[in-house]
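Architecture at a glance
Residues per chain, in single letters:
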Amino acid sequence: MCNIAGYNGYRNAAPVLIDMVRRQENLDGGLSTGIATIHDGVLYYAKVVGNADDLVKNTDALNFPGKIGIIHSRPDSNYKEYAHPFVSGNQKTALVSNGNLCTDGMLACIRNSIIQFLHTKYIEFDSAMNLPQSPYPQLKDGRYVAYGEAVVKTAEYSHSISSMSYEDIMADVSGKFFSDVVNVMITANSPDNIYVARISRPMNILTMPGETYISTSQFGFPEGAPVQNMKSLPQMKSCVVTKEGFYETSYPISGGKVTDYTDEEYNDIKEKLRQQLKEKPASMNNIGGGIFTHDRSANGLRPHVKAIYDALWDFHCEGVLKTETKPEEIPWAPGAVVNRTIFSID
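Since we're looking at a predicted model, the values are computed, not measured.

Evaluated as defined, the whole model comprises 9 aromatic pairs. Between Phe219 and Phe343, the ring centres sit 6.5 Å apart and the planes meet at 45°, which makes this aromatic pair tilted. Of this pair, Phe219 sits in the loop between strand E10 (211-215) and strand E11 (230-232) while Phe343 sits in strand E15 (residues 337-345), placing them 124 residues apart in sequence. In textbook terms, an aromatic cluster arises when at least three aromatic residues are bridged by ring pairs, as seen for Phe219, Trp313 and Phe343.

Attention now moves to the layout of surface pockets. If you roll a probe as big as a water molecule over the atoms, it shows you where there is empty space left. By volume, the second largest pocket is sized at about 350 Å³. Arg23, Phe219, Glu223, Trp313 and His316 are the residues nearest the centre of the second largest pocket, which is lined by 19 residues in total. Secondary-structure elements contributing two or more residues to the lining of the second largest pocket are helix H1 (13-28), helix H7 (304-318), strand E14 (321-329) and E15. Grouping the amino acids of the lining of the second largest pocket by side-chain chemistry returns 10 nonpolar, 6 polar and 3 charged.

A few words now on the sheet that holds strand E1 (residues 3-8). Strand order in the open sheet formed by 7 strands is E3-E2-E4-E1-E10-E9-E11, and the pairing between neighbours is antiparallel. Pairing within the sheet leaves two strands with one partner each, and these edge strands are strand E3 (42-49) and E11. Sheet twist, expressed as the mean angle between neighbouring strand axes with direction ignored, is 15°. Across the sheet, H1 is in contact with E1, strand E2 (32-39), strand E4 (68-74) and E10; its angle to E1 comes to roughly 160°.

What counts, and at which threshold
Residues numbered from 1 in each chain as written. Predicted model: local features only at pLDDT ≥ 70, side-chain atom pairs only at ≥ 80, totals over all residues. Heavy atoms only, no water. Phe/Tyr/Trp six-rings, centres within 6.5 Å; stacked < 30°, edge-to-face > 60°. Helix = DSSP H or I, 4+ residues; strand = E, 2+ residues; numbered from the N terminus. 1 Å grid on protein atoms, 1.4 Å probe; cavity = no way out; pocket = protein on both sides within 12 Å on 5 of 7 lines; lining within 4 Å. Points joined across faces, edges and corners; volume = space filled by probe spheres on them. Nonpolar A, V, L, I, M, F, W, Y, C, P; charged D, E, K, R; others polar. Pairing = 2+ DSSP bridges. Axes fitted to C-alpha atoms, helices over the stretch in contact; angles between N-to-C directions. Contact = heavy atoms within 4.5 Å.

Structure below.
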């Protein structure tokens, strides 16, 4: 799965974001990396095939101005066109996402119909390409469009024709493109906020005086950050992340359902993961095998990735989690080898 970080505060965002993604990319990322910040009404963005070091080496990302921004690391694409962030046609809005698409035929039809409609409005998609059969939205000419680009261009079109707020647009569009995902957006049209629509994939928040961080995993937060200031953003909600924290919006995310784990279920998952990691070290590519049932239908989603990350963080806080970094082949990206964090428990 992808790793995301965001920052809204008083520091220059780019160095903070690059540090945060470096803390996470070996968990499950590093094949492509991208960043976006906002300063004086201008969106700055860059993306590369490669990891955070490649981003810094090959772009001016480290020097991007702005005190608000988002960053993304992807584990499964060698195409720059499919690297995040995805940007609206007017170069004002950037979006990153993490997750997998639901497989329901009706949801696929909705995704396809939306981008095909936008295409009739002369909206072009930079990621459109001919691929083997894919769950991504599909244009009438057969080309597939990256999920994130479909979402951001739908969001910006909605903004251009309606009086809806960006937080309501995020809820509305994320419902139309309902899947096992989290979507994170910034826009120069509303430059003081980060907009997050969390359906099922994890997104954590850390609040500090005058600044707020968001991260896929708690491991992405700065070293020594107070654990008591961390929490999960709510699932099936659209939230606005400010310098002071966040607030939920009342506009519902429709399109499907996510069933959370009870405390009893989570504790059972945690102990099974503990036993697995005692028996055999594992990376995020193979952790949790046999524990979860992966139902990607619209009404069958459960936050299994959040449960894994929460358990790993709990093990870390207990002082029992051991980690080392090793190169690992990526099964879904033939020929790709990246560094991966290997977890174990003594």
